[in-house]
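Here is how the chains run, residue by residue.
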Amino acid sequence: GREWHLVARPHGWPKSTDFALREAPVTEPDEGGVLVRNKHFSVDPYMRGRMNDVKSYTPPYQLDHPMDGAAVGEVIASNAEGFAVGDHVVHGLGWREYARVPARYATKVDASLAPLSAFLGVLGMTGLTAYAGLFETASFKEGDAVFVSGAAGAVGNQVGQLARIKGASRVIGSAGSDDKVRLLVEEYGFDAAFNYKNGSVKRQLKEAAPDGIDVYFENVGGEHLEAALSSFNLHGRATICGMISQYNSTEATPAPHNLALVISKRLRLQGMLVNDHRALMPRFVKDVSGWLASGELKYQETAVEGIEKGFDAFLGLLRGENTGKMIVTLN
Ligand code: NDP
């Protein structure tokens, strides 16, 4: 089977020569493990950080080793109790065609709930990030006005829709193209949206949220955070989930010049990591599959076909070529 290796650490934007698609033998699963034929794997912004040789909440990718990340597939051989050939599982050995997974790292999923790829997005890690980040980290309550950046992405569109479903007074999103902005309002039911490339984020947010915002869900950083600080009402709360505008920068990025507004407005800015919220998973799957079934929640994926397109998919994600979750589908 083929697998993607990191062969050089990118400086700034990743280049195709930093990666190689290599052949590896497919062997029987170990005792207590399963062999999975991957059907889809996930490419995610956090993987950019793992390409640097720095200690973080996940260890860096090792050079000339297969990369990893979330994947979903079918068990084709089992040496583990409770797992049978034909079961569908989510696990952490993506970026490859075949994965030998210790059973304790594989989670069975109910393929009757949704198409398999959904377990990497709307019913998976990015969905849980939206759910936990809005309801727990931001302490969202009915009547809040919510602003989310990266709003046409996997986490962002779900944040906006969950806020709408739970009774936000106003949901505002920003995204990087006019088509994405239209989708937010017409498909996902945002009250207002704007293209951050069309001018000052601060001014566009003021126009979209004339009565201010109570919750900011931060996916982007930089000018977006400054704009949110400036539009916050008293006692506003921000979930600091990601700052994708900085992931390829080669220089330190300046702090918001208006950070002192945190004091006068008594704001709370709270960082979050989805891994801390795994205990919410059962409630999350129950709620979200219910909203999908009722049609209240919609989702979209951008699927790139073929393992050989893995790098292109990852780069495309950083460039904003995706709408909703970016997925690599193996044929
Ligand atoms: P998305 O599906 O949102 O894809 C990334 C999007 O980021 C692109 O589509 C692009 O959309 C946007 N983007 C890229 N560069 C910029 C830029 N310079 N300025 C503004 N937007 C940009 O990815 P995810 O939903 O997976 O992740 C969204 C955020 O959530 C990321 O910051 C990620 O790191 C974070 N995250 C954090 C987790 C946690 O546990 N803390 C877990 C999961 C995700 P556009 O066309 O609009 O520019």
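Residues numbered from 1 in each chain as written. Predicted model: local features only at pLDDT ≥ 70, side-chain atom pairs only at ≥ 80, totals over all residues.

Caption draft 1: Up close: the site of the ligand. In the vicinity of the ligand, 29 residues are found, and the nearest of them are Gly-153, Gly-176, Gly-242, Ser-245 and Gly-320. Of the residues forming the shell around the ligand, the biggest block, three residues, is contributed by helix 3 (residues 154-165). Residues belonging to the shell around the ligand are distributed by class as follows: 15 nonpolar, 12 polar and two charged. A domain-level breakdown of the shell around the ligand finds at least three residues from each of domain 1 (2-121 + 300-329) and domain 2 (125-275). (Near = placed C-beta within 6 Å. Helix = DSSP H or I, 4+ residues; strand = E, 2+ residues; numbered from the N terminus. Nonpolar A, V, L, I, M, F, W, Y, C, P; charged D, E, K, R; others polar. Domains from an automatic or database assignment.)

Caption draft 2: Spotlight on the environment of Val-34. As for its placement among the helices and strands, Val-34 is situated in strand 3 (residues 33-42). The class of Val-34 is buried, set by 28 C-beta atoms lying within 10 Å. Sequence separation between Val-34 and Ala-84 is 50 residues; the distance between their C-alpha atoms is 8.7 Å. With residues near it in sequence (within four places) discarded, Val-34 still touches Pro-29, Val-75, Ala-77, Ser-78, Ala-80, Phe-83, Val-89, Val-101, Ala-103 and Ala-106. (Buried ≥ 20, exposed ≤ 12 C-beta atoms within 10 Å, placed from the backbone. Contact = placed C-beta atoms within 7 Å.)

Caption draft 3: Expanded view of the UniProt feature "domain: Enoyl reductase (ER)" (unreviewed entry) in the protein chain. Taken from the UniProt record, the annotation "domain: Enoyl reductase (ER)" (unreviewed entry) applies to residues 16-328. Between the first and last C-alpha atoms of residues 16-328 the distance is 16 Å; the span itself is 27% helix and 24% strand. (UniProt positions renumbered as here; feature names shortened; annotations may be inferred.)

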